[in-house]
Amino acid sequence: MRLLFALILLTSCASTLTTQESQALTKGKSDYELCSEIASVIWYGGPVSKYTVDELKERRVNCMDHSEAILKKRAQQDAVNNSMMVIDGAITRYRYEVPDSIELPNYE
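Our subject in this report is the structure included herewith. Since this is a predicted model, take the numbers as computed values, not measurements.

## Notes on the overall build of the protein
When its secondary structure is counted, the protein shows five helices and zero strands. N-terminal to C-terminal, the α/β element order of the protein is α-α-α-α-α. A separation of at least 24 residues holds for 71% of the contacts in the protein among residues at least 6 apart in sequence. Accessible surface computed for the protein: about 8,000 Å², of which carbon and sulfur atoms make up 57%.

Below, the structure written as C-alpha cells:
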C-alpha cells in the first residue's frame, strides 16, 4: 500500500511543460503526427492543442493528405485491440470498428 501511495505521489509531482517546451515539442513533430493528433481528438474526444493547430496553420498542411495513412494505422491498432479482447474473452461485449473515412481539416 505504501508503494502505491509513493507512486501516486511521484506521478502527481510530475511537472507540466512550459509554453516554450510545448511549442518546441510540437514543432518537432511531422505533419502526419500533428494530423494524427487531430484524428484522435475526432475519434476519442478531448481538447485539440492550440500549438498543434497553430503549427498546422503555419505549415499550411492539408491533413486529408494523411488520412489514408491515419486510417491504416487506426485499423492496425484496432486489429490488435480486437485480438487482445478475443484472448481476454471480451469480444462478445465490445468490438472496435474501423471507420471507413475521416474528415480532417485543411490548413492550406
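Don't stop here, the text continues.
## Here's the deal with the packing of aromatic side chains
Within this structure, the stated rule accounts for one aromatic pair. Ring geometry for Trp43 and Tyr44: centres 6.4 Å apart, planes at 70 degrees, overall edge-to-face. By relative accessible area, which is 53% here, Tyr44 ends up exposed. A cation over a ring is seen here: Arg74 above Trp43, with NZ or CZ 4.6 Å from the ring centre.

## Quick word on the packing of helix H2 (residues 19-27) against helix H4 (residues 50-59)
Axis angle and axis distance: for two packed helices, these are the angle between their axes and the distance between the axes, and together they describe the pair. It is at 10 Å that the axes of H2 and H4 come closest, and there the two elements cross at 50 degrees. In terms of their interaxial angle, H2 and H4 are classed as oblique. As H2 packs across H4, the resulting crossing turns out to be right-handed. Of the residues in H4, those touching H2 at Thr19, Ser22, Gln23, Thr26 and Lys27 are Tyr51, Thr52, Glu55, Glu58 and Arg59. Residue composition of the contact of H2 with H4, grouped by class: one nonpolar, five polar and four charged.

## Quick notes on the state of the cysteines
What we call a disulfide is simply a covalent bond connecting the sulfur atoms of a pair of cysteines. Under the definition given, this model contains one disulfide. With a sulfur-sulfur separation of 2.2 Å, Cys35 is cross-linked through a disulfide to Cys63. Looking along the S-S bond of the Cys35-Cys63 disulfide, the torsion reads about -80 degrees, which is the left-handed sense. A residue pair is termed long-range when its members are at least 10 positions apart, and Cys35 in helix H3 (residues 31-44) and Cys63 in the loop between H4 and helix H5 (67-88) qualify at 28 residues. Residue classification places Cys35 among the buried positions, given a relative accessible area of 0%.

## Remarks on the side chain of Asp78
With respect to the element layout, Asp78 can be found in helix H5. In this structure the side chain of Asp78 is engaged in a polar contact, spanning 2.8 Å, whose partner is the side chain of Arg74.

## Some details on the nonpolar core
Residues Cys35, Ile38, Leu56, Cys63 and Leu104 are the most contacted members of the largest nonpolar core, which totals 13 residues. The set of elements that each furnish at least two residues to this core consists of H3, H4 and H5. Counting residues per element, this core draws most heavily on H3, which supplies four residues. Setting aside anything within four residues of it in sequence, one finds Leu56 in contact with Leu34, Cys35, Ile38, Val61, Cys63 and Tyr107.

What counts and what doesn't
Residues numbered from 1 in each chain as written. Predicted model: local features only at pLDDT ≥ 70, side-chain atom pairs only at ≥ 80, totals over all residues. Heavy atoms only, no water. Helix = DSSP H or I, 4+ residues; strand = E, 2+ residues; numbered from the N terminus. Contact = heavy atoms within 4.5 Å. Areas by Shrake-Rupley, 256 points an atom, 1.4 Å probe, with all protein chains shown as cover. Phe/Tyr/Trp six-rings, centres within 6.5 Å; stacked < 30°, edge-to-face > 60°. Buried < 20%, exposed > 50% of the residue type's maximum accessible area, 1.4 Å probe, protein only. Lys NZ or Arg CZ within 6 Å of the ring centre and 35° of its normal. Axes fitted to C-alpha atoms, helices over the stretch in contact; angles between N-to-C directions. Parallel < 35°, antiparallel > 145°, perpendicular 65-115°, else oblique. Left-handed = near helix turned anticlockwise from the far one by under 90°. Nonpolar A, V, L, I, M, F, W, Y, C, P; charged D, E, K, R; others polar. Disulfide = S-S within 2.5 Å. Polar contact = N/O pair within 3.5 Å; in protein donor to acceptor, adjacent residues only side chain to side chain. Core = buried A, V, L, I, M, F, W, Y, C linked by side-chain atoms within 4.5 Å.

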